[in-house]
Amino acid sequence: MLVRDTPDGVEVFLQRRVAAMKFAAGMTVFPGGGVDERDADASLSWAGPPPARWADWFGCDEAMARALVCAAVRETFEEVGVLLAGPGPDGIVADTSGYADARAALVAGELSLAAFLADAGLTVRADLLRPWANWVTPEQERRRYDTRFFVAALPDGQVADGATSEASESGWRTPEGAMADGRAGRSMLMAPTWAMLEDLARCATVADALAVDRTPVPKLMPTPVEGSGGGMVLVEL
């Protein structure tokens, strides 16, 4: 969840997935994607909570924790143009336009995050991310995913452009507005997205959202309730 403060409250960046996608086609979602095995590369420069701490928070090993954080940074840059990295542990990129070629190479899989950051002299800013949730696709689904969600603030000076072939439209919405669209049938929201929008709607500011302690993060899976007319329960795994 990429968030920013506005006079109307916290806004979150959302994308509507194109109809041709094999999973969640047409759904309104947060930016994100799958882990690339190269995301676990330990050679990149890292600032913030170490992989061991992320491993404790998400209940996984250190290599997976490193890959999860790096995948979040990489996918946010690929899909939104926002880069959670800087020239050192205290700096952050103010303008990502100069990295357009690298962004295209990352999208094409021709470049790893570690190689890009090394060439650019940049450091992953893991301290700009917060763990938020871990959802597993229901057992009856043909395509299943074990997905971790993060929250991060839009860095000063950067612009979220949503320039990705995976989304038909994108933009900033208040959580309340996004849920109103879902209730009115103007958009489709999956259970995890709806749940996290509800959580985010309780935060008056970005600082409030970043201050929420959701660790260790429980692993949740929605499961249909027999005879409930489509009702669901959450199972903690």
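About the cut-offs
Residues numbered from 1 in each chain as written. Predicted model: local features only at pLDDT ≥ 70, side-chain atom pairs only at ≥ 80, totals over all residues. Heavy atoms only, no water. Helix = DSSP H or I, 4+ residues; strand = E, 2+ residues; numbered from the N terminus. Polar contact = N/O pair within 3.5 Å; in protein donor to acceptor, adjacent residues only side chain to side chain. Contact = heavy atoms within 4.5 Å. Disulfide = S-S within 2.5 Å. Buried < 20%, exposed > 50% of the residue type's maximum accessible area, 1.4 Å probe, protein only. Phe/Tyr/Trp six-rings, centres within 6.5 Å; stacked < 30°, edge-to-face > 60°. Lys NZ or Arg CZ within 6 Å of the ring centre and 35° of its normal. Core = buried A, V, L, I, M, F, W, Y, C linked by side-chain atoms within 4.5 Å. Pairing = 2+ DSSP bridges.

We now examine the side chain of R103. Its location among the elements puts R103 in helix 3 (residues 100-107). Engagement of the side chain of R103 in a polar contact is seen with the backbone oxygen of E78, the distance being 3.1 Å. Non-local contacts of R103, meaning those with residues more than four positions away in its chain, are made with F77, E78, E79, V80, G81, D161 and A163.

One pass over the full model with this rule turns up zero disulfides. Residue C60 stays outside any disulfide, its sulfur separated by 12 Å from that of C70, the closest cysteine. Given the relative accessible area of 19%, C60 is considered buried.

For the rest of this paragraph, the subject is the packing of aromatic side chains. Taken as a whole and assessed by the stated rule, the structure comprises eight aromatic pairs. Centroid distance F30 to F149: 6.5 Å. Interplanar angle 80°. Geometry classified as edge-to-face. Remark: F149 occurs in strand 8 (residues 146-153) and F30 occurs in the loop between strand 3 (28-29) and strand 4 (46-47); sequence separation between them is 119 residues. In this structure F30 comes out as buried when scored by relative accessible area, which is 8%. Residue classification places F149 among the buried residues on the basis of a relative accessible area of 16%. For the pair F58 and F150, a centre-to-centre distance of 5.4 Å together with 70° between the ring planes defines the contact as edge-to-face. On the criterion of sequence distance, the pair formed by F58 in helix 1 (residues 51-58) and F150 in strand 8 is long-range, its members being 92 residues apart. Here F58 matches F150 in class, with each residue buried. Pairwise contacts between aromatic rings join W54, W57, F58 and F150 into one cluster. The ring of W46 is capped by R66, whose NZ or CZ atom sits 5.2 Å from the centre of that ring. The residue whose ring lies beneath R214 is W132, and the NZ or CZ to ring-centre distance is 4.3 Å.

Another aspect to go through is the nonpolar core. Soluble globular proteins tend to pack their nonpolar side chains together in the buried interior. In this structure, W54, F116 and V124 are the most contacted members of the largest nonpolar core, which totals 40 residues. Breaking this core down by element, the ones donating at least two residues are helix 1, helix 2 (62-80), helix 3, helix 4 (113-120) and strand 8. The dominant element in this core, judged by the number of residues it contributes, is helix 2, at eight residues. Apart from the residues within four sequence positions on either side, W54 is in contact with W46, P49, A65, V69, A126, L129, R130, P131 and F150. L14, V151, C203 and V206 belong to the second-largest nonpolar core, a separate cluster that totals 21 residues.

Turning our eyes to something else, we now look at the environment of L68. Mapping L68 onto the fold places it in helix 2. You can call L68 buried: its relative accessible area is 9%. Spatially, the C-alpha atom of L68 lies 9.5 Å from that of A55, the residues being 13 residues apart in sequence.

This next bit is on the pairing of strand 2 (residues 9-17). For strand 2, a buried count of eight out of nine residues is recorded, marking the element as mostly surrounded by other parts of the structure. Judged from the four bridges that link them, strand 1 (residues 2-6) and strand 2 form a sheet pairing that is antiparallel. Within strand 2, the position partnered with V3 by the bridge is V12. Linking strand 1 back to strand 2 in an antiparallel pair, the connection comprises two residues. Where strand 2 meets strand 9 (residues 167-173), six bridges bridge the pair, whose relative direction is antiparallel. Opposite Q15, over in strand 9, you have S170 as the bridge partner. As judged from the two bridges shared by strand 2 and strand 3, these two strands associate in the antiparallel manner. Within strand 3, the position partnered with R16 by the bridge is T28.

The pairing of strand 1 with strand 8 spans two bridges and is classified as parallel. The partner of V3 across the bridge, within strand 8, is A153.

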